[in-house]
Amino acid sequence: MKIWLDGGLQDIGSARVSVLDHGLTVGDGIFETVKAVDGRPFALTRHLDRLTRSARGLGLPDPDLDEVRRACAAVLDANPMPLGRLRITYTGGHGPLGSDRGEHGTTLVVALGETARRPDTTAVITVPWTRNERGALTGLKTTSYAENVVALARARERGATEALFANTVGQLCEGTGSNVFVVLDGTLHTPPVSSGCLAGITRALAVEWTGAEETDLPLDVLDRAEEIFLTSTLRDVQAVHRVDDRELPAAPGPVTAKAMRVFDERSAADLDP
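Residues numbered from 1 in each chain as written. Predicted model: local features only at pLDDT ≥ 70, side-chain atom pairs only at ≥ 80, totals over all residues. Heavy atoms only, no water.

Engineer: It is not clear to me how a nonpolar patch on the surface should be interpreted in this structure. Could you clarify?
Structural biologist: Taken together, Val19, Leu20, Leu24 and Leu97 make up a surface patch of nonpolar side chains, about 430 Å² in accessible area. Position of Leu24 relative to the elements: it lies in helix H1 (residues 22–25). (Patch = residues over 30% accessible without salt bridge, like charges linked within 9 Å, V, L, I, M, F, W, Y side chains within 5 Å. Areas by Shrake-Rupley, 256 points an atom, 1.4 Å probe, with all protein chains shown as cover. Salt bridge = Lys/Arg side-chain N within 4 Å of Asp/Glu carboxyl O. Helix = DSSP H or I, 4+ residues; strand = E, 2+ residues; numbered from the N terminus.)

Spelled out as structure tokens, the structure:
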């Protein structure tokens, strides 16, 4: 397996990042996960736009997007596979043990892992922890992911693949690595980015392609929604058949099934929408 590290391809077994890299010591970094189909990345331009927004939000220098594109192409060419998870990681680089940044420059890593198409439906849980819709990192895709690790572990313990958060005012927000959509009276809704959720790439495409409404929703909407589905880079559109102890045995329902079909068709027709 070959990865890209700071300027070129390296063997994954011998590639080395400093143990004092700020991405490791204090989580001072950002990342993007890009779906790769037969060696071609999906929605790469949108992902790179968000990478730049996250860098600016964290106060990092803008990434060199030409280098990132070269890195992605090189890694995909070196590691052929039918369906892959392309991970772009960009950190503050070698720095002190405290929160102040060093002056050694940033670190760029691009790696690829093989994956499989997700099942059409899944189970989710809600968790007691909240997203802070007013936090310094709100809306940024950073490597400070520990609260997601904890929540996802709770979900796995309960036979689910995702955990859903409310925000600090009790509104439905997002999952650990996904956005959430609900159907109410036949109409499709998703929380707005002002709820504190990440502006997901798949979320944006689903809103554009289905006409979903961005609506402030209480967390208990999950108790009465007719249909629920998740969106993310590797889930695409995935129906929810159970949330906590509530079963949705008809999943995917008609609205979700249409969204799944539309997303599959539109994404296949244009790999960089």
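Anyway, onward from the coordinates.
Engineer: Teacher, can you tell me more about the side chain of Asn179 here?
Structural biologist: Among the structural elements, Asn179 can be located in strand E10 (residues 179–184). Engagement of the side chain of Asn179 in a polar contact is seen with the backbone oxygen of Leu198, the distance being 3.1 Å. Each residue touching Asn179, except ones within four places of it in the same chain, is listed here: Glu174, Cys197, Leu198, Gly200, Arg203, Phe229, Leu230 and Thr231. (Polar contact = N/O pair within 3.5 Å; in protein donor to acceptor, adjacent residues only side chain to side chain. Contact = heavy atoms within 4.5 Å.)

Engineer: What exactly am I supposed to notice about the environment of Ala251 here?
Structural biologist: On the secondary structure map, Ala251 appears in the loop between strand E15 (246–247) and helix H6 (254–269). The sequence separation of Ala251 and Phe229 amounts to 22 residues, and the corresponding C-alpha distance is 9.0 Å. Look past the residues within four positions of Ala251 in its chain and what remains in contact with it is Thr121, Ala239, Val240 and His241.

Engineer: Can you help me understand the pairing of strand E9 (residues 172–175) in this one?
Structural biologist: Two faces make up the sheet, and in a regular strand the side chains alternate between them. The sheet contact formed by strand E8 (residues 162–167) and E9 spans three bridges and is antiparallel. Looking at the pairing, Ala166 lines up with Leu172 of E9. If you look at the hairpin formed by E8 and E9, you'll find four residues sitting between the two strands, and Gly170 has a positive phi there, around 85°. (Pairing = 2+ DSSP bridges.)

Engineer: Would you explain the packing of helix H2 (residues 44–58) against helix H3 (residues 65–78) in this entry?
Structural biologist: Any two packed helices are characterised by the angle at which their axes cross and by the distance between the axes. Where H2 meets H3, the closest approach of the two axes is 11 Å, and the angle between their N-to-C directions is 135°. Our classification of the angle between H2 and H3 gives oblique. Of the two elements, H2 crosses H3, and the hand of that crossing is right-handed. Residue-level inspection shows Leu44, Thr45, Leu48, Leu51 and Thr52 of H2 in contact with H3, the latter providing Leu65, Val68, Arg69 and Cys72. (Axes fitted to C-alpha atoms, helices over the stretch in contact; angles between N-to-C directions. Parallel < 35°, antiparallel > 145°, perpendicular 65-115°, else oblique. Left-handed = near helix turned anticlockwise from the far one by under 90°.)

Engineer: Mind showing me how you'd approach the packing of aromatic side chains here?
Structural biologist: Here the structure, examined in full by the defined rule, presents four aromatic pairs. Between the aromatic rings of Phe31 and Tyr145, the centroid separation amounts to 5.2 Å while the plane-to-plane angle is 80°, which identifies the pairing as edge-to-face. Linking Phe31 in strand E3 (residues 29–37) with Tyr145 in the loop between strand E7 (121–131) and helix H4 (146–157), this pair joins segments that are 114 residues apart in sequence. These aromatic residues form a ring-pair network of at least three members: Phe42, Trp209 and Phe263. For the cation-ring pair, Arg87 lies above Phe31, with the distance from its terminal atom to the ring centre recorded as 3.9 Å. (Phe/Tyr/Trp six-rings, centres within 6.5 Å; stacked < 30°, edge-to-face > 60°. Lys NZ or Arg CZ within 6 Å of the ring centre and 35° of its normal.)

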